[in-house]
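# Remarks on the overall topology
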Amino acid sequence: MALLLKGKEVSDVLSAYVSRDVFELGKKGVVPGLAVVRVGESPDDLAYERSIVKKCELLKIKAYLYPLPNDVKEERLLTLIENLNLNGAIHGILMLRPLPSHLNEAVICESLSPLKDVDGITSLSMAGVYAGRRIGFPPCTARACIEILRHYGIRTAGKNAVVVGRSLVIGRPLAMMLMDGDATVTLCHSKTACLQEIVKQADIVAVALGKKGIIGKECLREGQTVIDVGINVDDDGKISGDVDFDAAGDIVAAITPSPGGVGAVTTALIARHVTDAALEIDGGRHAAWI
Ligand code: NAP
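Residues numbered from 1 in each chain as written. Predicted model: local features only at pLDDT ≥ 70, side-chain atom pairs only at ≥ 80, totals over all residues. Heavy atoms only, no water.

Time to look at the overall build of the protein. Counting its secondary structure elements, the protein contains 10 helices and 11 strands. Taking 2.2 N^0.38 as the reference for a compact globule, 290 residues should give roughly 19 Å; the C-alpha atoms of the protein span a radius of gyration of 19 Å, in line with that estimate. Dimensions of the protein, computed from C-alpha atoms along their principal axes, come out at roughly 60 × 40 × 40 Å. Relative to its full complement of 290 residues, the protein shows a buried share of 49%. Across the protein, the fraction of contacts at a sequence separation of at least 24, relative to all contacts at a separation of at least 6, is 71%. Accessible area for the protein stands at about 13,800 Å²; split by element, carbon and sulfur atoms hold 54% of it. Seen as two clouds, the 32 positive and the 35 negative side-chain charges of the protein have centres 4 Å apart. (Helix = DSSP H or I, 4+ residues; strand = E, 2+ residues; numbered from the N terminus. Rg over C-alpha atoms; globule rule 2.2 N^0.38 Å. Buried < 20%, exposed > 50% of the residue type's maximum accessible area, 1.4 Å probe, protein only. Contact = heavy atoms within 4.5 Å. Areas by Shrake-Rupley, 256 points an atom, 1.4 Å probe, with all protein chains shown as cover. Lys, Arg positive; Asp, Glu negative; His and termini not counted. Charge placed at Lys NZ, Arg CZ, Asp CG, Glu CD.)

Shown next as structure tokens:
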């Protein structure tokens with residue numbers, strides 16, 4: 001049976017760092033604050049928001065919720081973000097996406113202050129990831145995959161890594177971060193020919209495509225490490241990943257479960273990025289607004 005790469009173990013370690021930083025910030029009178037901006041009431045967004053609020057409560061980060069109607073005008077959203085950028089109590093801004101189609105997502109993403117962009121959606125944060133420099137914050141889910149590998153001592157240098165899914169939030173930044181770790185990376189998508197063979201050749205496989213169990217035993221071999229980012233909810237509310245977990249567990253060397261894998265680490269990293277932002281923004285000086 002494959003080694004289970006448990007998100008909770010990684011999340012606990014990251015959370016311990018967050019608690020230490022919250023304590024240090026508290027000594028300076030700073031309470032780290034996260035603004036969560038949600039447009040509409042999609043069940044996915046609501047579930048994600050609940051898990052973030054719970055994590056923030058646990059770690060003594062103050063979460064400020066900004067729910068907006070589905071038909072919100074772009075101007076109102078931009079004004080809200082502008083105010084959050086200037087609000088000294090807010091150190092991180094998380095905007096739940098995708099946004100409704102009447103909103104220009106690119107313009108709205110760019111309106112976030114890069115200092116508070118804790119989920120890496122501005123061009124500056126992306127440039128940091130693509131240039132391999134620590135500017136801004138990387139997207140939390142992509143970083144979560146890297147943190148899991150690091151926690152379990154799975155080396156990336158010299159390995160063949162295959163990432164399935166090329167979204168801007170997960171696949172692309174993750175490919176860059178794996179390359180930064182000296183892996184040789186292949187990035188696959190829906191038009192990739194011979195996907196099964198490509199995945200089978202990988203030492204490390206990261207799957208983020210959003211289709212239940214699509215990576216099955218025909219794609220896998222002994223010795224592989226599999227990071228399953230997928231979260232697919234069926235009609236009964238049961239969650240499963242993009243990898244056929246039962247089949248994979250008997251073949252590969254190590255695998256993340258879904259649920260119980262990447263998701264828990266993602267939320268811990270949001271908290272981590274908020275305290276990092278607070279340390280950067282308020283670092284060393286007593287914040288006047290307390
Ligand atoms: P997305 O924007 O829909 O992108 C999906 C990607 O998968 C696209 O690049 C698409 O290719 C590719 N793809 C789709 N079908 C494919 C196939 N049959 N073979 C190969 N590639 C295929 O999705 P996303 O936002 O990246 O999310 C991916 C998954 O991660 C979802 O299940 C989502 O719920 C989950 N997720 C998890 C977390 C977490 O914390 N664990 C956070 C966010 C999202 P094209 O580009 O060619 O269309």
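There is more to say, and it comes next.
This part covers the sheet that holds strand E3 (residues 62-68). On the basis of which strands lie adjacent, the open sheet formed by three strands has the order E3-E2-E4 and parallel pairing. The open sheet is flanked by E3 and strand E4 (92-95), the only strands paired with a single partner. On average, each strand axis in the sheet is inclined to that of its neighbour by 20°, with strand direction left out of account. As paired strands, strand E2 (residues 33-39) and E3 are joined by seven bridges and run parallel to one another. (Pairing = 2+ DSSP bridges. Axes fitted to C-alpha atoms, helices over the stretch in contact; angles between N-to-C directions.)

Next up on the list: the environment of Asp45. For Asp45, the position within the fold is in helix H2 (residues 43-59). The exposure class of Asp45 is buried, given its relative accessible area of 8%. Sequence spacing of Asp45 and Leu96 is 51 residues, and the spatial spacing of their C-alpha atoms is 6.5 Å. Discounting chain neighbours no more than four positions away, the residues touching Asp45 are Arg38, Val39, Leu96 and Arg97.

It is worth spelling out the site of the ligand at this point. Neighbouring the ligand are 22 residues; Arg166, Ser167, Ser190, Lys211 and Thr266 lie closest to it. One of the side-chain nitrogen or oxygen atoms of Ser190 is found 2.5 Å away from an oxygen atom of the ligand. Coverage of the ligand by the protein amounts to 69% of the 930 Å² it exposes when considered alone. Examining the composition of the shell around the ligand, we find that three residues originate from one element, helix H10 (residues 262-282), more than from any other. (Near = heavy atom within 4 Å. Polar contact = N/O pair within 3.5 Å; in protein donor to acceptor, adjacent residues only side chain to side chain.)

A separate point is the sheet that holds strand E11 (residues 254-255). In a beta sheet, neighbouring strands are held together by backbone hydrogen bonds and run either parallel or antiparallel to one another. Strand order in this open sheet of six strands is E1-E11-E8-E7-E5-E6, and the pairing throughout is parallel. One side of each edge strand has no neighbouring strand; the edge strands of this open sheet are strand E1 (3-4) and strand E6 (184-188). The pairing of E1 with E11 spans two bridges and is classified as parallel. What sits directly across from Leu4, in E11, is Ile255. Seen against the sheet, helix H7 (residues 171-180) touches strand E5 (160-164), E6 and strand E7 (204-207) and runs at an angle of roughly 170° to E6.

Time to look at helix H3 (residues 74-86). The end-to-end C-alpha distance of H3, which contains 13 residues, comes to 19 Å, matching closely the 18 Å that a straight helix rising 1.5 Å per residue would cover. Elements that come into contact with the buried residues of H3 comprise E2, E3, E4 and helix H4 (105-110). (Expected span 1.5 Å × (residues − 1).)

Residues Leu34, Ile61, Ile148, Leu174, Leu178 and Ile227 are the most contacted members of the largest nonpolar core, which totals 47 residues. Among the secondary structure elements, those contributing two or more residues to this core are helix H1 (7-27), E2, H2, helix H6 (140-151), E5, H7, E7 and H10. Ranked by the residues each element gives to this core, the list is headed by H10, at eight residues. Once residues within four sequence positions are removed from consideration, Ile148 is found in contact with Leu5, Val10, Ile227, Thr256, Gly261, Val262 and Val265. Ranked by size, the runner-up nonpolar core spans 18 residues in total, among them Ile93, Ile108, Cys109 and Leu112. (Core = buried A, V, L, I, M, F, W, Y, C linked by side-chain atoms within 4.5 Å.)

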